[in-house]
Amino acid sequence: MSPPNSMANANGDGNGVLMNGGRVDFDPSEAPPFKIADIRAAIPPHCWVKNPWRSMSYVLRDAIVVLGFAFAAAKLDNWALWPLYWVAQGTMFWAIFVLGHDCGHGSFSDSRVLNNVVGHILHSSILVPYHGWRISHKTHHQNHGNVEKDESWVPLPEKVYKELDTSTKFMRFTIPLPMFAYPVYLWTRSPGKKGSHFNPYSDLFAPHERQAVLISTLCWTSMVLLLLYSSFLFGFLPVLKIYGLPYLIFVAWLDMVTYLHHHGLTTVDRDYGIINNIHHDIGTHVIHHLFPQIPHYHLIEATKAAKPVLGKYYREPKKSGAFPWHLFGYLVRSLGEDHYVSDTGEVVFYQSDPEIFTFSKPKSN
């Protein structure tokens, strides 16, 4: 985590989170004066109810929009409109990912079969291995902020950081390159970690999970083959315009949102303006992290109910305009200052490397 007063100003912590007088008025290394059960008890019972019909209505809504965008773009085939399509469709791919993410958490419905079937369809369509990612994401929820065990934008220990060559540091800390890291992460994980989300025998997975991972890898492979066949049938350029470039926008959304939610302090809420509804209120992230079984359409109400219990431990996100331009500034600043954490200590804080891009070779063990 970042130091309590790191990147602080009169209104917030530098990451778009409002604080009391520009400072944290509690010790973040100490346990809070409430228990998880107190927060759970404050949330209305209906917020825990998973309505499969309502969940499927969001899938239908997003599918209609995605197909409509693709049909309109192919029909118009106007270079003045293609960039608008890529951004809009990539954002919808990100919305599709969030619904598949709900399936992975079991917050989509009470039926494991329905969750897995819908999850495979949604995630495979955007080249995400459903079970492979679901399992590693569960590990992230169970170990958030743990340098050794976390899976989402894991802080680099000083020893690992100093063994990176300059090109790797450049790729990880230079905007916009880190915003396209997700496909690489799926194949190789983060620096200092081994394994792949596609390999059933990876260290990510227990023996009883291997069959599920294999099924997801086969589904992912089927989608890749479908794209290759479509390129053969219709040509590479049309597939690139209809699918490939929106996919890159989706990856950028995924990396930006997950970074902003999990980096620097702890899990925090973010306001994305008009994008809030489009990506199913995933910016309401604190309660989601505490109780991932709550459906996305109850997160706002659950958060309001939990705020009196959380008190000063909850930080209001800075309100966005129609589009969350302010978040890009926090993203750039954080990547420019938060590079590694100490190898020692129970509670560690991000530190900056003033010579981050000094050309050097990785150190040998």
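Residues numbered from 1 in each chain as written. Predicted model: local features only at pLDDT ≥ 70, side-chain atom pairs only at ≥ 80, totals over all residues. Heavy atoms only, no water.

On the surface, a cluster of nonpolar side chains totalling about 530 Å² of accessible area is made up of Tyr229, Phe232, Leu233 and Phe234. Within the element layout of this structure, Leu233 appears in helix H9 (residues 210-234). Residue Leu233 is classed as partly exposed on the basis of its relative accessible area, which comes to 47%. (Patch = residues over 30% accessible without salt bridge, like charges linked within 9 Å, V, L, I, M, F, W, Y side chains within 5 Å. Areas by Shrake-Rupley, 256 points an atom, 1.4 Å probe, with all protein chains shown as cover. Salt bridge = Lys/Arg side-chain N within 4 Å of Asp/Glu carboxyl O. Helix = DSSP H or I, 4+ residues; strand = E, 2+ residues; numbered from the N terminus. Buried < 20%, exposed > 50% of the residue type's maximum accessible area, 1.4 Å probe, protein only.)

Attention shifts here to helix H14 (residues 326-337). For H14, spanning 12 residues, the distance from its first C-alpha to its last is 17 Å, which sits close to the expected 16 Å at 1.5 Å a residue. Burial in H14 covers these residues: His326, Leu327, Tyr330, Leu331, Ser334 and Leu335. For H14, the arc enclosing every buried residue in end-on projection is 160 degrees, short of the 170-degree limit, so these residues lie on one face. Here the buried face of H14 lies against helix H7 (166-173) and helix H10 (236-262). (Expected span 1.5 Å × (residues − 1). Arc of directions from axis to C-beta. Contact = heavy atoms within 4.5 Å.)

Moving on to the nonpolar core. Among the nonpolar cores identified, the biggest contains 55 residues, and Trp94, Phe97, Tyr182, Phe250 and Tyr272 are the most heavily contacted of them. For this core, the elements supplying multiple residues, two or more each, are helix H2 (52-76), helix H3 (82-105), helix H4 (112-125), helix H5 (130-142), helix H8 (182-188), H9, H10 and H14. Examining the composition of this core, we find that 12 residues originate from one element, H10, more than from any other. Residue contacts for Phe97: discarding those within four places in its chain leaves His123, Ile126, Val128, Trp133, Tyr182, Phe250 and Leu254. Counting 13 residues, the second largest nonpolar core, distinct from the first, contains Ile43, Ile287, Phe291 and Leu299. (Core = buried A, V, L, I, M, F, W, Y, C linked by side-chain atoms within 4.5 Å.)

To continue, consider the UniProt feature "transmembrane region" (unreviewed entry) in the chain. Listed under "transmembrane region" (unreviewed entry) in the UniProt record, and renumbered for this structure, are residues 58-76, 82-101 and 212-236. What you have in residues 58-76 is 100% helix and 0% strand, and the ends, taken at the C-alpha atoms, are 27 Å apart. In the segment residues 82-101, helix accounts for 100% and strand for 0%; the C-alpha atoms at its two ends are 28 Å apart. (UniProt positions renumbered as here; feature names shortened; annotations may be inferred.)

Using the criterion set out here, one finds 8 salt bridges in the structure. Asp62 is paired through a salt bridge with Arg61; the nearest N and O atoms lie 3.2 Å apart. Given the relative accessible area of 0%, Asp62 is considered buried. The class for Arg61 is partly exposed, based on a relative accessible area of 29%. Residues Lys169 and Asp353 are paired through a salt bridge, measuring 4.0 Å at the closest nitrogen-oxygen approach.

The omega torsion of the bond from Ile175 to Pro176 falls at 5 degrees, within 30 degrees of zero and hence cis. Relative to the elements of secondary structure, Pro176 occurs in the loop between H7 and H8. Of note in the backbone geometry, Asp77 takes a positive phi value of approximately 45 degrees without being a glycine. You can see Asp77 is positioned in the loop between H2 and H3. Accessibility expressed as a relative area gives 42% for Asp77, which makes it partly exposed. Although it is not a glycine, Trp153 sits at a positive phi angle of roughly 50 degrees. Tracing the chain through its elements places Trp153 in the loop between H5 and helix H6 (158-162).

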